[in-house]
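Understanding the architecture of this molecule
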Protein chains: 2
Amino acid sequence: KEVPAKSATKSANDPYKDEPIRSPLLIPSSEKPFNAEPPVQMLAEKFLTPNDLFYVRNHLPVPCVCIEDFTLDLALSTGKPSLTFKELTQKFPKRSVTAAIQCAGNRRSEMVKVKPVKGLNWGSAAISNAKFSGVSLNELLKHYNVDIDTVRAKYIVFEGLDTQPDGSPYGASIPLELARMLKDEIIIAYEMNGEPLPRDHGYPLRIIIPGVVGARQVKWLKKIYFSPEESTSHWQRRDYKGFNSSTDWHNVDFDKSVSISQLPVISAICDPVDGQELEEGAEEVTLKGYAWSGGGRGIIRVDVSADGGETWHEATLKPNGQTPYHSYAWTLWEADIPLPEGATQTQLVVKAVDVSYNVQPDSVAGIWNLRGCLSNAWHRVNVTVPPARV
Amino acid sequence: KEVPAKSATKSANDPYKDEPIRSPLLIPSSEKPFNAEPPVQMLAEKFLTPNDLFYVRNHLPVPCVCIEDFTLDLALSTGKPSLTFKELTQKFPKRSVTAAIQCAGNRRSEMVKVKPVKGLNWGSAAISNAKFSGVSLNELLKHYNVDIDTVRAKYIVFEGLDTQPDGSPYGASIPLELARMLKDEIIIAYEMNGEPLPRDHGYPLRIIIPGVVGARQVKWLKKIYFSPEESTSHWQRRDYKGFNSSTDWHNVDFDKSVSISQLPVISAICDPVDGQELEEGAEEVTLKGYAWSGGGRGIIRVDVSADGGETWHEATLKPNGQTPYHSYAWTLWEADIPLPEGATQTQLVVKAVDVSYNVQPDSVAGIWNLRGCLSNAWHRVNVTVPPARV
Ligand SMILES: [Mo]
Ligand SMILES: [Mo]
């Protein structure tokens, strides 16, 4: 009631004054922009991550969209149609894809332990899995007589309604070659797990490019166009690229590195968590977690160890219902394995294999990079086992 | 002139009596069946491996084919056409694909050092790269009114003319889902680098499925059919599968593992070779080698180290002329890097990254498996540097 005038003024100028209400369960890695991951134990409980627990990766303030005024703008060789939300949802059939979306920085906190990096200090839960529904990008383009197989361009560019202080929007692109391979699988989503897309996840529209890094899944999608070059945005040109561990901020050349699109194979133990105390005198442990690979490559094996990687057991995979080469959803897994006899502390490890027999690298050090992206080494969780009471 | 009768009889009964003449440069890992790799230094010299140096992986005796009598037999829902070599080469347009073919056991000798495995003791040269030309499988099927996108089956099976003592042929299959993705890129090859397919490489026909393990590139191709199940051959069902390092011959269950099709990212240093003595007082070293990934994933970065993996340099990639997601040829690379000051011995290391940002695992131990397949850890070569003479 008696809010000080100064604070009210400050608040009115705050570009973050219109942020959505969020679940108190989310663990923020930054407040403005808002970035947060769910408690990792909860991740492995459900194949479809509930919308309010889906990790949030915002680069800028969340736009406030008036749905009546909103249009999606296409810049095509055949014209520049602007579609209202109503047109999009009513004129085109609803298509769905169940896909995991992962931040390039997922599991970055493990890299930080090797050497400092620039980036949000994500744990293992900057990944989530949902059923996205909306309009097929390919069907939309066909409607406007654009054939993705013959269009003369090298990239397809997506821009959001989220803008930087200078007014320029968040933007991303993928190679047209990749868009052609995915074709009917790229969705302009207006629904997430059967509900309207939440504001934090792009309301009213988000492009969903399955198998590809989160940074290209442009939220608050406003504009789509073809281009001879990549999106000129900071996030396409000066971020979200990989480097070797000898590259530092003095010698890095972003122009020489390929933008991250498809992601490599990854897995994590979600339960138990690092530092957890198991039951007194426990002789075995139940591990739960996720495994996923980019490019639609399904997970064919998950190996778990209760002795730091000396001996391995195969986890039981929960089939994700997709086919081996068009597997965009994650694979949850579970394993009951024996603990080393008499040990009071031990390290649990997981590593996954995808259908192309890609494996995860052994060590974080070997893949360390200055931005802390692509942190997909074997995932290790240290636990203690109190001795059984006599 | 005076060959002993006994020996002559033995020779006449020898199923290997009709083997082709081979280059004396090839280094055999077994004589009967013949398996051999070229000297590894020669591999990195040419983008297209000369036919007589292309690694040879035979599972059985090399068939002797009379080209006039030969037919390729298709068992289709629309009929069972048998095509003569002349029909194949004259009725259909010649299509080409440049692809690296790699044995699942390439670099197995490194696994043997960790723990014994069953398999031929391949070095780093059980991989080669060639331009294959022939008939597009898809165009051939279309000619017989078979649409690979709608055919009701789960696998496409290939059988060779090479046969076991019981008369059953070498056979392999790939999932139809994979064949659909590759579509026009699968070639029934009758030429290799512009010459008729050599006998060791499948004369007169070999199926070329780019991005996929050598074992499925059936040579002396005789028969193609669709099936609800995988090829029942030993090599499809009881070989060429991956396992974790705790799986041994007592607990292995081949039925539970997925057959190897697409291969993971790999690289190797071809020059210098392990144990090589560099120039006296050398301050830098020139490394040459190959990098490749399965599934058409192009190589985007090759990191080399002259200090056992402590510091890394980017190698210069020689573009293979293919696109990032349809990159079936290998990528040769080269790097001049400084040697550690004053060191008289050091370890050179290479690791590659593919367009999906898949990386090679750090250690051989982490991927060890009882068959010694998929040996794609960082490649390490030890060299000595004699001190400069004063
Ligand atoms: Mo991200
Ligand atoms: Mo092989």
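Residues numbered from 1 in each chain as written. Chains lettered and ligands numbered in written order. Predicted model: local features only at pLDDT ≥ 70, side-chain atom pairs only at ≥ 80, totals over all residues. Heavy atoms only, no water.

**Things to note about the interface of chain A and chain B**
Taken together, the contact pairs 47 residues of chain A with 47 residues of chain B. Carbon and sulfur atoms supply 50% of the area that chain A and chain B bury against each other, a total of about 3,400 Å² over both sides. The largest per-residue losses of area from chain A upon contact with chain B belong to Glu177, Tyr325 and Tyr357 of chain A, which jointly make up 23% of the total buried on that side. Applying the counting rule to chain A against chain B returns 0 salt bridges. On inspection of chain A and its partner chain B, the count reaches 25 residue pairs in polar contact (both at pLDDT 80 or more). Secondary-structure elements contributing two or more residues to the side of chain A that touches chain B are α6 (176-182), β16 (299-305), β17 (313-314) and β20 (345-354) of chain A. When the residues that make up the side of chain A that touches chain B are grouped by side-chain class, the tally is 20 nonpolar, 17 polar and 10 charged. (Contact = heavy atoms within 4.5 Å. Buried area = accessible area lost by both parts, 1.4 Å probe. Salt bridge = Lys/Arg side-chain N within 4 Å of Asp/Glu carboxyl O. Polar contact = N/O pair within 3.5 Å; in protein donor to acceptor, adjacent residues only side chain to side chain. Helix = DSSP H or I, 4+ residues; strand = E, 2+ residues; numbered from the N terminus. Nonpolar A, V, L, I, M, F, W, Y, C, P; charged D, E, K, R; others polar.)

**Re the packing of aromatic side chains**
All names here are of chain A. Per the counting criterion, the structure on display carries 18 aromatic pairs over all chains. Ring pairing ties together the aromatic residues Phe54, Tyr55, Trp122 and Phe132, which thus form one cluster. Over the ring of Trp249 we find Lys118; its NZ or CZ atom is 4.2 Å from the centre of that ring. Between Lys351 and the ring centre of Trp378, over which it is positioned, the NZ or CZ distance is 5.7 Å. (Phe/Tyr/Trp six-rings, centres within 6.5 Å; stacked < 30°, edge-to-face > 60°. Lys NZ or Arg CZ within 6 Å of the ring centre and 35° of its normal.)

**Regarding the relation of the copies chain A and chain B**
For these two chain copies, the linking operation is a rotation about an axis paired with a shift along it. For the match of chain A to chain B, the screw axis carries a shift of 0.0 Å, the RMSD comes to 0.0 Å, and the turn is 180°. Viewed as a symmetry operation, the transformation between the two copies matches a two-fold axis. Closest approach to the rotation axis among the C-alpha atoms of chain A is made by Pro361 of chain A, whose C-alpha sits 2.0 Å away. Both copies share a contact surface, since 100% of the interface residues of chain A are interface residues in chain B too. (Least-squares fit on C-alpha atoms with pLDDT ≥ 70 in both.)

**A look at the nonpolar core**
By size, the foremost hydrophobic cluster in this structure holds 94 residues, and its most contacted members are Leu72, Leu140, Phe158 and Ile188 of chain B. Broken down by element, the residue count for this core peaks at 5 residues, all from strand β10 (residues 187-192) of chain B. Judged by nonpolar contacts, the second largest core, of 93 residues, contains Met111, Val151, Ala189 and Phe254 of chain A. (Core = buried A, V, L, I, M, F, W, Y, C linked by side-chain atoms within 4.5 Å. Buried < 20%, exposed > 50% of the residue type's maximum accessible area, 1.4 Å probe, protein only.)

**Some details on the pattern of salt bridges**
Residues and elements named next belong to chain A. Taken as a whole and assessed by the stated rule, the structure comprises 36 salt bridges over all chains. Residue Asp200 pairs with Arg22 through a salt bridge whose shortest N-O separation is 2.6 Å. Taken together, the residues Asp200 in the loop between β11 (195-196) and β12 (206-208) and Arg22 in the loop between α1 (5-13) and β1 (27-30) connect sequence positions 178 residues apart.

**Focus: a negative patch on the surface**
Negative charge collects at one region of the surface, where Glu283, Glu284, Asp336 and Glu341 of chain A lie side by side. With respect to the helices and strands, the residue Asp336 of chain A is situated in strand β19 (residues 331-338). (Patch = residues over 30% accessible without salt bridge, like charges linked within 9 Å, V, L, I, M, F, W, Y side chains within 5 Å. Areas by Shrake-Rupley, 256 points an atom, 1.4 Å probe, with all protein chains shown as cover. Lys, Arg positive; Asp, Glu negative; His and termini not counted. Charge placed at Lys NZ, Arg CZ, Asp CG, Glu CD.)

**Overview of the sheet that holds strand β16 (residues 299-305) of chain B**
All names here are of chain B. An order of β17-β16-β20-β21 is seen for the 4 strands of this open sheet, with the pairing classed as antiparallel. Edge positions in the sheet fall to β17 (313-314) and β21 (379-384), since each has one partner strand and no second. As paired elements, β16 and β17 share 2 bridges and run antiparallel to each other. Each residue of the ladder has a partner; that of Val304, found in β17, is His313. (Pairing = 2+ DSSP bridges.)

**Re unusual backbone geometry**
Trans peptide bonds make up most of the peptide bonds, and negative phi angles are found at most residues other than glycine. All names here are of chain A. Omega for the peptide link from Tyr203 to Pro204 comes to 10°, which places this bond in the cis form. Secondary-structure assignment places Pro204 in the loop between β11 and β12. For Asn145, which is not glycine, the phi torsion reads 60° and is therefore positive. Within the element layout of this structure, Asn145 appears in the loop between α5 (137-143) and β8 (155-163). Residue Asn145 is classed as exposed on the basis of its relative accessible area of 66%. Of note, the phi angle at Tyr357 is positive, near 60°, even though the residue is not glycine. Within the element layout of this structure, Tyr357 appears in the loop between β20 and β21 (379-384).

**Thoughts on the side chain of Ser327 of chain A**
Residue and element names in this part refer to chain A. Considering the arrangement of structural elements, one finds Ser327 in the loop between β18 (316-318) and β19. Judged by relative accessible area, which is 4%, Ser327 ranks as buried. There is a polar contact of 2.9 Å between the side chain of Ser327 and the side chain of Asn320. With residues near it in sequence (within four places) discarded, Ser327 still touches Ser293, Gly296, Arg297, Gly298, Asn320 and Gln322.

**As for the pairing of strand β15 (residues 284-292) of chain B**
Residue and element names in this part refer to chain B. One ladder, built from 5 bridges, connects strand β14 (residues 266-271) with β15; its direction is antiparallel. Pairing of Ile266 across the sheet is with Trp292, part of β15. Where β15 meets strand β19 (residues 331-338), 8 bridges bridge the pair, whose relative direction is antiparallel. Within β19, the residue paired with Thr286 across the bridge is Asp336.

**Considerations on the sheet that holds strand β4 (residues 71-75) of chain A**
Residue and element names in this part refer to chain A. Spatially, the 5 strands line up as an open sheet ordered β5-β4-β13-β8-β9, and their pairing is mixed. The open sheet has two edge strands with one neighbour each: β5 (82-84) and β9 (169-175). On average, each strand axis in the sheet is inclined to that of its neighbour by 20°, with strand direction left out of account. When β8 meets β9, the two strands line up antiparallel, connected through 6 bridges. (Axes fitted to C-alpha atoms, helices over the stretch in contact; angles between N-to-C directions.)

**Section: the environment of Asp307 of chain A**
Residues and elements named next belong to chain A. Considering the arrangement of structural elements, one finds Asp307 in the loop between β16 and β17. Sequence separation between Asp307 and Gly167 is 140 residues, and the spatial gap between their C-alpha atoms is 53 Å. Aside from chain neighbours lying at most four places away, what touches Asp307 is Pro340, Thr346 and Gln347. Among the polar contacts listed, one links the side chain of Asp307 to the side chain of Ser305, at a separation of 2.7 Å. From its side chain, Asp307 meets the backbone nitrogen of Glu310 in a polar contact 3.1 Å long.

**Section: the side chain of Asn376 of chain A**
All names here are of chain A. Its place among the elements puts Asn376 in the loop between β20 and β21. Within the structure, the side chain of Asn376 is placed 2.8 Å from the backbone oxygen of Val265, a separation counted as a polar contact. With residues near it in sequence (within four places) discarded, Asn376 still touches Arg107, Pro264, Val265, Ile266, Gln360, Pro361 and Ile367.

**Notes on the confidence of the model for chain A**
Residue and element names in this part refer to chain A. Across chain A, the average pLDDT comes to 96, with 97% of residues at 70 or higher. Per-residue pLDDT stays below 50 along residues 1-8; that stretch engages in 1 contact with residues further than four places along the chain or on separate chains. Overall fold confidence (pTM) sits at 0.96, and the ipTM for the predicted complex is 0.96. (pLDDT = per-residue confidence, 0-100.)

**Observations regarding the environment of Asp336 of chain A**
All names here are of chain A. Expressed as a C-alpha distance, the spacing of Asp336 and Val285, which sit 51 residues apart in the sequence, is 5.6 Å. Setting aside its immediate chain neighbours within four residues, Asp336 contacts Glu284, Val285 and Thr286. Within polar-contact distance, the side chain of Asp336 engages the side chain of Thr286 at 2.4 Å.

**Here's the deal with the environment of Tyr225 of chain B**
Residue and element names in this part refer to chain B. Looking at the element boundaries, Tyr225 is found in strand β13 (residues 221-227). Between the C-alpha atoms of Tyr225 and Glu19, which are 206 residues apart in sequence, the distance is 28 Å. Non-local contacts of Tyr225, meaning those with residues more than four positions away in its chain, are made with Ala75, Tyr155, Ile156, Val157 and Glu159. Polar side-chain contacts of Tyr225 include one of 3.0 Å to the side chain of Glu159.

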